Amino acid sequence: MSDTAALNQDAVEDLKDVADQVTAVVDDPEEAEETVAFVEDPENADRNVIEPEDSSDEDDLPNAPDEDESPDVGLVESDHETGLTDGLDRPRVRAPDEKIRMGTSKVDKDTADEFGAGLRDRGATVEDHSITAPLSAYNNQVKESTSIPTMSVLPEAEQIVIGEDDEMILVATDEPTPEVLDHCLKTIEDYIETVQNHGHTQSETAVMAQMYEAFLYGFWAPFANQYAEAMSSPSRTLDNVLQHLYIEGKSDAGKDKLTEYILRLVSDNTVISGVDADDVGVKEVRGVREWDTCFPYAIIDAEKEKIQRWSPIRNYWGDWTPTNVDQPCLIFTTNDALPKSEFRNRMKILSMDVSFPSNPEDPGFREAQEDLSGVLERQNPIFSYVARRMLTEQPWTDGNGTIEDVRRIVREFYDEAGREQPDYFPADEPAEKTYDTGRLKWQRDIQGGRVTFESEPNAITADFDREEYEVYDYEKRLPKRFMSEKSSTSVYIGAPEEFAEWIGYSVDELLNGAAETGSEKSQSNGSGGGQEDGDSTGSSGLFSRLLGR
């Protein structure tokens, strides 16, 4: 562990202690070490409890509170409550007088001096063997250094804590009602269905399913360190299990806006954007692992070449141990094609094969913007309730599933809300498996006559009527078991039977010209595939959609 990580680990331990003291919830109040009451009944409160609308009046008070009064610590309503429950969807704790202490006697002096210098400017006290800083100073230092907030999962307290200035953002302490679940799920669906209402795509259901899959990943990501601890063993490569998220698509595919919305949901609207890839290098990727935070680190508009230069990505979890500080999952959005295989193997790849109106002169631009704004302005505490269920059940202790655990929870939410699952909800398996966009690309070219096949000894070769750089992307989308290799505008396939089964044809059909036979295959023909819309399977499917059939 680096010296910077050690200092942050000290700080986060104090932050967790503060959270434990103020937010501990027990079934029997008599067993609680302390209690918190709301302002509606102030005479029973042990500490002050503040509601946000009162904050504007504080400057009008003639005198500051007496130093002997109770510290201004208590539960605070978020500005983003739905009002659909008796409790709080996303409670906060305001603790302006709380201090964070970091011991410096066992760390390098230069590191301690540099760390303390930034905090001293924010009101910290720097001594020979320690740094003592206000909670707000530490939270702001982390956010300035990493562009993400402090975030810690506290399984024993059944809480998650996000630091925001002098507040700690928590998750709900109560189970959600059917009404709030219905509201949350409908809001997610309304966001995703902007694809249906305003997007242009030949793979409507596939795009919406992969968009939903991105939400599931975002809600799982803060728990990655718990899964790392449960799965850590000499025989397991964590990087193959705890994957980064890679969202590819054109510049008008809406992938950046999707990522920003996920960050908003996780952070209670305190993080509204990712980090520009131009501001990220190897130093930043390494450094973000030293700040003991599990908030997802999203890198926006990352070029393929840049990603491939960020070497720490390949073995991001390689030297992680249960004694390490928490480190965040990485999310990339990109306009580029897929990176090299050694990076792809560490990534969950989702494809946004859709275009939205992106310029004011584009038809439908205004309507699309208004619909999207309407969804974004709606309060949606779904992460708070997913986290509550995760903390209660702690599924990571099984050492098996990862995102599958969040998938199951959201599936349960549909049942509890009495709401029908949309066709595009990836209920049983990852969306990228059900709707394999690589297979879709190959099927479309086969059906469109843009690829022909020739027999080779124990192999076949696919010859494309495409530019060489385009063929490179086709080859990269093939599973490794096909033993493929690109050469100019051709792709050699060393496992023809397996490839044919995956693509939904026989080898003979491919060699005899599948497009000429009139065969048209859907996603259900490939292994692990599901039924896709007619508009995603070729020219006749597209004509059917245009004709309203």
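Residues numbered from 1 in each chain as written. Predicted model: local features only at pLDDT ≥ 70, side-chain atom pairs only at ≥ 80, totals over all residues. Heavy atoms only, no water.

1. Examining the sheet that holds strand S10 (residues 275–276)
To be explicit about the condition: Only when DSSP finds a minimum of two bridges between them are two strands counted as paired. Here a helix means four or more residues in a row that DSSP labels H or I, a strand means two or more in a row labelled E, and each is numbered from the N terminus.
Taken together, the five strands give an open sheet; going across it, the order is S10-S11-S12-S9-S13, and neighbouring strands pair in parallel fashion. Strand pairing shows two members of the sheet lacking a second neighbour, S10 and strand S13 (347–352), which therefore form its edges. Examined bridge by bridge, strand S9 (residues 244–249) and strand S12 (residues 330–334) share four bridges and lie parallel to one another. Bridge pairing in S12 places Glu248 opposite Thr334.

2. A closer look at a negative patch on the surface
Condition: Distance thresholds for patches are 9 Å for like charges and 5 Å for nonpolar side chains (Val, Leu, Ile, Met, Phe, Trp, Tyr), applied to residues having over 30% relative accessible area and no salt bridge. Reported accessibility uses the Shrake-Rupley method at a 1.4 Å probe radius. Residues are deemed covered only where the shown protein chains occlude them. Think of a salt bridge as a Lys or Arg side-chain nitrogen and an Asp or Glu carboxyl oxygen that are within 4 Å of each other. As used throughout, the charge tally considers Lys and Arg to be positive and Asp and Glu to be negative, leaving His and the chain termini uncounted. By convention, charge coordinates are those of NZ in Lys, CZ in Arg, CG in Asp, or CD in Glu. Throughout, exposure labels follow a simple rule: accessible area from a 1.4 Å probe, protein chains only, divided by the maximum for the residue type, with under 20% read as buried, over 50% as exposed, and the rest as partly exposed.
A cluster of acidic residues, Asp276, Asp279, Glu284, Asp301, Glu303 and Glu305, forms a negative patch at the surface. Mapping Glu305 onto the fold places it in helix H11 (residues 304–309). On the accessibility criterion, Glu305 (40% relative accessible area) is partly exposed.

3. A short note on the layout of surface pockets
Where empty space is left in the structure can be found by rolling a water-sized probe over the atoms. How we decide: A pocket here means an open set of points on a 1 Å grid, computed over the protein atoms alone, that has protein on both sides within 12 Å along at least five of seven lines. A cavity is instead a set of points where a 1.4 Å probe fits but cannot get out; residues with an atom within 4 Å of a point line either one. Grid points are joined across faces, edges and corners, and a volume is the space filled by probe spheres set on the points. Three classes are used: nonpolar for Ala, Val, Leu, Ile, Met, Phe, Trp, Tyr, Cys and Pro, charged for Asp, Glu, Lys and Arg, and polar for all others, with Gly counted as polar.
Roughly 1100 Å³ of volume is contained in the largest pocket. Among the secondary structure elements, those contributing two or more residues to the lining of the largest pocket are helix H6 (204–220), helix H8 (238–241), helix H12 (341–344), S13, helix H15 (403–417), helix H16 (431–434), helix H17 (437–447) and helix H18 (468–476). Ranked by the residues each element gives to the lining of the largest pocket, the list is headed by S13, at five residues. Among the residues making up the lining of the largest pocket, the classes are represented as 15 nonpolar, twelve polar and 14 charged. As a volume, the second largest pocket reaches approximately 710 Å³. Lys250, Asp353, Lys441, Asp473 and Arg477 are, among the 27 residues lining the second largest pocket, the residues nearest its centre. Broken down by secondary-structure element, the contributors of at least two residues to the lining of the second largest pocket are H6, S9, S13, H17 and H18. When residues in the lining of the second largest pocket are grouped by element, the largest group, five residues, is from H17.

4. Let's talk about the side chain of Ser384
Short version of the rule: Contacts are assigned to residue pairs with any non-hydrogen atoms lying within 4.5 Å of each other.
When you line up the elements, Ser384 lands in helix H14 (residues 382–393). Taking the relative accessible area as the measure of exposure, Ser384 reaches 1% and is therefore buried. Discounting chain neighbours no more than four positions away, the residues touching Ser384 are Asp89, Arg90, Val171 and Ala172.

5. Quick notes on the nonpolar core
Worth spelling out the cut-off: The set of buried Ala, Val, Leu, Ile, Met, Phe, Trp, Tyr and Cys residues whose side-chain atoms join them within 4.5 Å is what this entry labels a nonpolar core.
Counting 98 residues, the largest nonpolar core has Tyr212, Phe215, Phe219, Trp220, Trp310 and Phe332 as the members making the most contacts within it. In contact with Trp310, not counting residues within four places along its chain, are Ala277, Val280, Gly281, Val282, Val285, Ile299, Ala302, Phe332 and Phe343. With 26 residues, the next largest nonpolar core counts Leu7, Ala19, Val93 and Trp291 among its residues.

6. A look at the sheet that holds strand S17 (residues 490–493)
Selection rule: The axes are straight lines fitted to the C-alpha atoms, using for helices just the contacting stretch, and the angles between their N-to-C directions are given from 0 to 180°.
Taken in spatial order, the four strands line up as S14-S15-S17-S16 in an open sheet, and their pairing is antiparallel. At either end of the open sheet lies a strand with only one pairing partner, and these are strand S14 (451–456) and strand S16 (484–487). The mean angle between the axes of side-by-side strands here comes to 20°, regardless of whether they run parallel or antiparallel. Those strands touched by H17 are S14, strand S15 (459–464) and S17, and its axis lies near 95° from that of S14.

7. Notes on the confidence of the model for the protein
Applicable threshold: A residue's pLDDT is the predictor's confidence in that residue, given on a scale from 0 to 100.
Mean pLDDT over the protein stands at 83; residues scoring 70 or higher make up 84%. Per-element averaging of pLDDT across the protein places helix H22 (residues 539–546) at the bottom with 33 and H15 at the top with 97. Counting contacts from residues 49–73, a segment whose pLDDT is below 50, to residues more than four positions away or on other chains yields 35 contacts.

8. A few points about the pattern of salt bridges
Counting across every chain of the model gives 31 salt bridges. The partner of Arg94 in a salt bridge is Glu167, and the shortest N-O contact between them spans 2.8 Å. Placement of Arg94 in strand S2 (residues 92–94) and of Glu167 in strand S8 (residues 167–169) is noted, with a sequence separation of 73 residues between them. Residue Glu164 is joined to Lys143 by a salt bridge in which the shortest nitrogen-to-oxygen separation is 3.1 Å. Here Lys143 lies in helix H3 (residues 135–146) and Glu164 lies in strand S7 (residues 159–164), a separation of 21 residues in the sequence. For Glu164, a relative accessible area of 23% puts it in the partly exposed group. Connected through salt bridges with shared partners, the residues Glu175, Arg389, Glu393, Arg408, Glu412 and Glu416 form a single ionic network.

9. Section: the packing of helix H4 (residues 178–192) against H15
To keep it simple, the criterion reads: To sort the angles, those under 35 degrees are grouped as roughly parallel, those over 145 as roughly antiparallel, those from 65 to 115 as roughly perpendicular, and the leftovers as oblique. Note: crossing handedness is left-handed where the near helix turns anticlockwise from the far helix by less than a right angle, and right-handed where it turns clockwise.
Axis separation between H4 and H15 bottoms out at 8 Å; the angle between their running directions is 120°. One way to sum up the angle between H4 and H15 is to call them oblique. In the packing of H4 onto H15, the handedness of the crossing is left-handed. For the pair H4 and H15, contact is made by Pro178, Leu181, Asp182, Leu185 and Glu189 and by Val410, Phe413, Tyr414, Glu416 and Ala417, respectively. For the contact of H4 with H15, the residue count by class is seven nonpolar, no polar and three charged.

10. Here we look at the packing of aromatic side chains
In this description, a pair of aromatic rings is defined by centroid distance and the angle of the planes. Heads up, the condition is: The criterion for an aromatic pair is that two Phe, Tyr or Trp rings (for Trp, the six-membered ring) have centres within 6.5 Å, with stacked assigned to planes under 30 degrees apart, edge-to-face to planes over 60 apart and tilted to the rest.
If you walk through the whole model with that rule in mind, you get 24 aromatic pairs. Ring centres of Tyr212 and Tyr424 lie 6.3 Å apart, and the angle between their planes is 40°; this geometry places the pair in the tilted category. Remark: Tyr424 occurs in the loop between H15 and H16 and Tyr212 occurs in helix H6; sequence separation between them is 212 residues. According to the relative accessible area criterion, Tyr424 is buried, its value standing at 5%. Centre to centre, the rings of Phe464 and Tyr474 are 4.9 Å apart; their planes meet at 55°, and the pair counts as tilted. Here Tyr474 lies in helix H18 and Phe464 lies in strand S15, a separation of ten residues in the sequence. When its relative accessible area of 7% is taken as the criterion, Phe464 is described as buried. Classification of Tyr474 as buried rests on a relative accessible area of 4%.

11. Brief notes about the packing of H4 against helix H13 (residues 365–376)
In the contact formed by H4 and H13, the axes pass within 9 Å of each other and the chain directions differ by 160°. It follows from the interaxial angle that H4 and H13 lie roughly antiparallel. Where H4 crosses over H13, the two elements pack in a sense that is left-handed. In this structure, H4 contributes Thr187, Asp190 and Tyr191 to the contact, and H13 contributes Leu372, Val375 and Leu376. When grouped by side-chain class, the residues that make up the contact of H4 with H13 number four nonpolar, one polar and one charged.

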